[in-house]
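What follows is each chain in one-letter form.
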Amino acid sequence: MVNSTQHASSTSSNPSDLDMTLAYHLDLVISIVILTFALFTVPRAIARFANPSERFRGFLLRYVPLRHRSRINLNTDSVYLNSDPEKPVLDIDESSEGCNTTFKELPTLPMRTLRNDANGLPLGGQKPVHMPMLSSLVHPVTSILSRSVHEGYTVGQVLLLAGYTALVLYCGFYKSNPFSDPLRAGWIITSQIPFLYIFATKNNVIGALLGVGYEKLNYLHRLVGRLVVVGANVHALGFIYKWSLAGQLSKELAQPYIRWGLVGLVCVDLLGIGSTQFVRSKSYNLFIITHALGLFVFLFAVCYHRPGCVPYVTAACVFYGLDHLIRIAKTRITTATLRPIPELGLTRVEIPTLNSGWRAGQHVRLRVLSTGMGFLGLTEVHPFTIANVERTEEGMVLMCKKAGRWTTKMYELSATAKYGEQGREVGRGVRVMVEGPYGGVGNTVMSSYSGALFVVGGSGITFALSAIQELVRSQDNSSITTIDIVWSIPDVASLTPVIPLFTSLIEQSTFVRLRVSVFYTRASKGSFQGMYLPPGMTLVPGRPKTAKFLDDVVTSTQSGGGATGVFVGVCGPPALARDVAGVVRTFDVYRKRMVGGIELHAEVFGW
Ligand SMILES: Cc1cc2nc3c(=O)[nH]c(=O)nc-3n(C[C@H](O)[C@H](O)[C@H](O)COP(=O)(O)OP(=O)(O)OC[C@H]3O[C@@H](n4cnc5c(N)ncnc54)[C@H](O)[C@@H]3O)c2cc1C
């Protein structure tokens with residue numbers, strides 16, 4: 001088939017050497033730019049892999065027998081147990097009237113000085129190697145590049161998108177006119193096929209080189225996709241126009257290779273329409289279905305349309321196939337327990353058979369294999385950040401907020417939980433397919449910083465929970481001296497189930513000063529009944545002043561002698577991420593330098 005079309009193609013319009021050379025050189029330039037960026041990340045990658053604790057984590061989920069109980073009690077069973085409104089959160093402190101303690105200005109906890117012995121020599125194990133981000137060293141430039149300009153895009157990202165587009169357009173227009181020479185557009189979009197597919201993969205080779213998760217490169221996939229849609233239409237319409245003028249339209253359209261070209265065009269246009277924000281928000285499934293069908297048929301159609309495209313399609317297939325092989329290796333089918341947590345409006349998913357293999361901040365893709373999810377629900381895979389640290393008895397924990405149809409179905413399924421001997425919920429066991437782990441903080445080693453600030457909104461707390469558990473657990477071998485969590489919730493009731501976990505973490509922070517500040521925007525009457533907050537935890541109405549918290553963390557870090565920087569993690573809606581990025585960017589440059597830099601990591605997802 002390909003051979004016959006090869007003949008047909010050679011008799012129609014001969015690709016000039018220039019078209020093919022430009023397509024090849026375009027790919028070469030893009031690859032060189034990617035490798036140049038990758039070179040800058042090498043020192044951080046070396047620093048990460050130099051830390052034995054970071055070397056093998058974050059690739060494959062597994063079960064490991066726990067030889068001895070974790071020295072730190074990180075068991076979050078209490079989160080579930082205390083979701084029972086009949087049961088008080090903690091022993092009520094009779095001396096504190098109602099919720100008075102919650103509103104008192106809590107004293108700043110004294111800095112722990114246990115890190116040094118009587119001779120001033122450091123206690124504990126070896127500190128992790130710290131390698132600052134390049135961006136924290138070239139402040140004036142990164143301050144401009146990290147400025148948010150449009151829909152969450154930073155100046156740096158906009159420049160990258162503009163540069164990529166300019167490069168593609170340059171190759172499209174160089175010694176060519178798209179109206180009289182539509183073949184050029186065809187070759188240019190062909191050159192983009194490998195990048196289109198690589199940027200779409202979950203096990204992303206470019207992401208691995210740059211030390212970032214696939215989700216952070218998705219904006220480039222969207223750009224390349226749009227360029228391909230425009231290019232394919234210019235290419236097709238140009239030829240249709242030409243053939244119409246020459247009166248050869250029906251003759252040309254009868255040729256098999258032209259028909260395959262039209263099939264490819266329909267696929268590209270379907271993919272383009274299916275990817276619009278309108279379709280994604282109205283029906284994520286339609287977006288997935290058009291993608292799943294379109295991406296396969298498109299590759300076949302392109303090969304039958306022009307055999308010269310085969311090397312580009314092969315490259316795309318290699319990366320895409322490799323991604324799927326790794327996905328299979330990263331997939332586990334197991335049993336999970338679903339428990340509803342009404343106060344947080346979410347389902348807690350516990351998977352005891354997976355207790356190792358992830359790093360704080362990473363997420364998994366979850367499929368619930370239960371008919372209770374409905375036929376469509378069964379086919380859906382949704383991403384969720386792992387909410388706890390690895391190697392605990394409860395295994396992996398996910399907190400999945402009711403956001404739409406699928407998450408609501410899962411919540412309803414969990415609410416049909418069985419009851420144990422004492423009438424206490426034991427949860428609903430379901431088969432699940434867990435794929436991951438993915439994303440996270442890449443080559444960043446959180447424990448190598450001197451201070452950390454987590455600003456999270458709503459269900460974004462999952463990110464902070466896993467990070468803090470990991471930092472508290474590794475405090476003996478960490479440089480961290482101070483951690484602040486700022487959590488914004490709509491309703492005070494959301495706090496109730498998480499208090500025991502925070503209490504436990506604060507109690508066990510021997511070398512680290514851990515503070516938790518919770519802000520709420522809506523107080524329901526009675527929410528504070530019996531609520532006791534441990535020292536180090538505050539509950540305040542209104543919105544947090546992030547700048548003040550960052551200032552506090554930097555001051556505490558400096559006074560504790562820390563000079564390996566402050567890690568700022570933000571997780572929540574785009575507006576929160578923008579806000580925190582602005583605070584980090586405008587922070588006093590001199591103080592930033594003194595503390596060793598302030599580095600931001602943002603995870604953006606729904607509230
Ligand atoms: C990396 C990452 C980590 C996340 N971690 C958490 C977490 O720890 N806890 C939590 O409660 N939520 C988390 N989310 C959000 C969660 O994935 C969505 O709320 C959920 O998929 C919504 O599904 P739905 O069908 O119920 O809602 P819908 O109403 O169908 O969707 C609501 C919105 O969620 C997004 N969405 C829907 N399906 C998917 C999908 N399959 N993949 C990606 N986005 C989708 C779409 O933008 C959609 O507009 C995370 C999202 C991402 C991208």
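All residue numbers refer to position in the chain's written sequence, counted from 1. This being a predicted model, a pLDDT of at least 70 is required before a residue's local features are given, and a value of 80 or more before pairs of side-chain atoms are given or counted; all residues contribute to the totals for chains, interfaces and linings. Remark: hydrogens and water are excluded; side-chain values derive from all non-hydrogen atoms of the structure.

*Asks:* Could you give an account of the overall build of the protein chain, with specific residues and numbers?
*Replies:* For the protein chain, the count of helices and strands is 23 helices and 15 strands. Classification of residues uses two cut-offs on accessible area relative to the type maximum, computed with a 1.4 Å probe and protein chains only: under 20% is buried, over 50% is exposed, and between them is partly exposed. For the protein chain, the proportion of its 607 residues judged to be buried stands at 51%. Working definition of accessibility: Shrake-Rupley area with a 1.4 Å probe, residue cover restricted to the visible protein chains. Of the roughly 28000 Å² of accessible surface on the protein chain, 64% is carried by carbon and sulfur atoms. Helix and strand assignments follow DSSP, with helices taken as H or I runs no shorter than four residues and strands as E runs no shorter than two, numbered in order from the N terminus.

*Asks:* Can you tell me about the site of the ligand, naming the residues and giving the values?
*Replies:* The criterion for a residue being near a molecule or strand is simple. One of its heavy atoms has to lie within 4 Å of it. Taken together, 18 residues form the shell around the ligand, and within it Val381, His382, Pro383, Lys401 and Thr407 come nearest. Here a polar contact means two N or O atoms within 3.5 Å. Within protein one must be a hydrogen donor candidate and the other an acceptor candidate, and residues neighboring in sequence count only if both atoms are side-chain atoms. Between the ligand and Pro383 there is a distance of 2.8 Å, counted from an oxygen atom to a backbone nitrogen or oxygen. At 4 residues, the largest contribution of residues to the shell around the ligand is made by strand E6 (residues 382-385). Residues are sorted three ways: Asp, Glu, Lys and Arg are charged, Ala, Val, Leu, Ile, Met, Phe, Trp, Tyr, Cys and Pro are nonpolar, and all the rest, Gly among them, are polar. Partitioned by chemical class, the residues of the shell around the ligand number 9 nonpolar, 7 polar and 2 charged.

*Asks:* Describe the packing of helix H15 (residues 284-305) against helix H16 (residues 310-329), and please don't skip the residues or the numbers.
*Replies:* Every axis corresponds to a line fitted to the C-alpha atoms, with the helix fit spanning only the stretch in contact, and the corresponding angles, defined between N-to-C directions, vary from 0 to 180 degrees. Where H15 contacts H16, the two axes come as close as 9 Å, and the packing angle between them is 155 degrees. Taken as axis vectors, H15 and H16 run roughly antiparallel relative to one another. When you trace H15 past H16, the crossing you get is left-handed. Counted together, Leu295, Phe296, Leu299, Val302 and Cys303 of H15 and Val310, Val313, Cys317 and Tyr320 of H16 form the full contact between these two elements. Grouping the constituent residues of the contact of H15 with H16 by class yields 9 nonpolar, no polar and no charged. Throughout this description, any angle smaller than 35 degrees is read as roughly parallel, any larger than 145 degrees as roughly antiparallel, any in the 65 to 115 degree range as roughly perpendicular, and the remainder as oblique. Crossing chirality is assigned from the near helix's rotation relative to the far helix, an anticlockwise turn below a right angle marking it left-handed and a clockwise turn marking it right-handed. In what follows, residue pairs with any heavy atoms lying within 4.5 Å of each other are defined as contacts.

*Asks:* Tell me about helix H13 (residues 256-274), residues and numbers included.
*Replies:* Helical geometry: 3.6 residues make up each α-helical turn, so side chains three or four residues apart lie on a common side. Expected span of a helix, by definition, is 1.5 Å for each gap between consecutive residues, and there is one gap fewer than residues. Between its first and last C-alpha, H13 extends 27 Å over 19 residues, near the 27 Å set by a 1.5 Å rise per residue. Within H13, burial applies to Tyr257, Ile258, Gly264, Leu265, Cys267, Val268, Leu271 and Gly274.

*Asks:* For unusual backbone geometry, give the residues involved together with the corresponding values.
*Replies:* Cis peptide bonds are those with omega within 30 degrees of zero, and the linkage from Gly436 to Pro437 qualifies with 5 degrees. Residue placement: Pro437 occurs in strand E9 (residues 425-438).

*Asks:* Run through the packing of helix H2 (residues 17-50) against helix H9 (residues 182-198), naming residues and quoting values.
*Replies:* A pair of packed helices is characterised by two quantities: the angle between their axes and the separation of those axes. Running from N to C, H2 and H9 cross one another at 30 degrees; their axes reach a closest spacing of 9 Å. The orientation of H2 relative to H9 falls into the category roughly parallel. Here H2 runs over H9; the crossing is right-handed. Touching Leu18, Asp19, Met20, Leu22, Ala23, Leu26, Asp27, Ile30, Ser31 and Ile34 of H2 are Leu183, Arg184, Trp187, Ile188, Ser191, Gln192, Pro194 and Phe195, all from H9. The residue inventory of the contact of H2 with H9, partitioned by class, reads 12 nonpolar, 3 polar and 3 charged.

*Asks:* Let's hear about the pairing of strand E14 (residues 566-572): which residues, and what values?
*Replies:* Among the 7 residues that make up E14, 7 are buried, leaving the element largely enclosed by the rest of the structure. Of the two faces of E14, the one holding Val566, Val568, Val570 and Gly572 and the one holding Phe567, Gly569 and Cys571 are both buried throughout.

*Asks:* Tell me about the side chain of Thr462, and please be specific about residues and values.
*Replies:* Note that Thr462 resides in helix H19 (residues 461-473). A distance of 3.1 Å separates the side chain of Thr462 from the backbone oxygen of Ser459, its partner in a polar contact.

*Asks:* Explain the packing of aromatic side chains residue by residue, including any values.
*Replies:* Note on ring pairs: Phe, Tyr and Trp rings are taken, using the six-membered ring of Trp, and paired if centres are within 6.5 Å. Classes follow the plane angle, with under 30 degrees stacked, over 60 edge-to-face and the rest tilted. Enumeration over the complete set of coordinates arrives at 15 aromatic pairs. Here the aromatic rings of Tyr170 and Tyr174 are separated by 5.5 Å at their centres, their planes lie at 35 degrees, and the arrangement is tilted. Judged by relative accessible area, Tyr170 falls into the partly exposed class, the value being 49%. We classify Tyr174 as partly exposed; its relative accessible area is 29%. Ring centres of Tyr214 and Tyr438 lie 5.6 Å apart, and the angle between their planes is 85 degrees; this geometry places the pair in the edge-to-face category. A residue pair is termed long-range when its members are at least 10 positions apart, and Tyr214 in the loop between helix H10 (205-210) and helix H11 (218-246) and Tyr438 in strand E9 qualify at 224 residues. In this pair, the class of Tyr214 matches that of Tyr438, namely buried. Taken together, the aromatic side chains of Tyr449, Phe454, Phe463 and Phe567 make up a single cluster linked through ring pairs. One cation-aromatic arrangement involves Arg280 over Phe287; the distance from NZ or CZ to the ring centre is 4.4 Å. We count a charge as sitting over a ring when the NZ of a lysine or the CZ of an arginine lies within 6 Å of the ring centre and within 35 degrees of the ring normal. Between the NZ or CZ atom of Lys402 and the centre of the ring of Tyr411, over which it lies, the distance is 4.3 Å.

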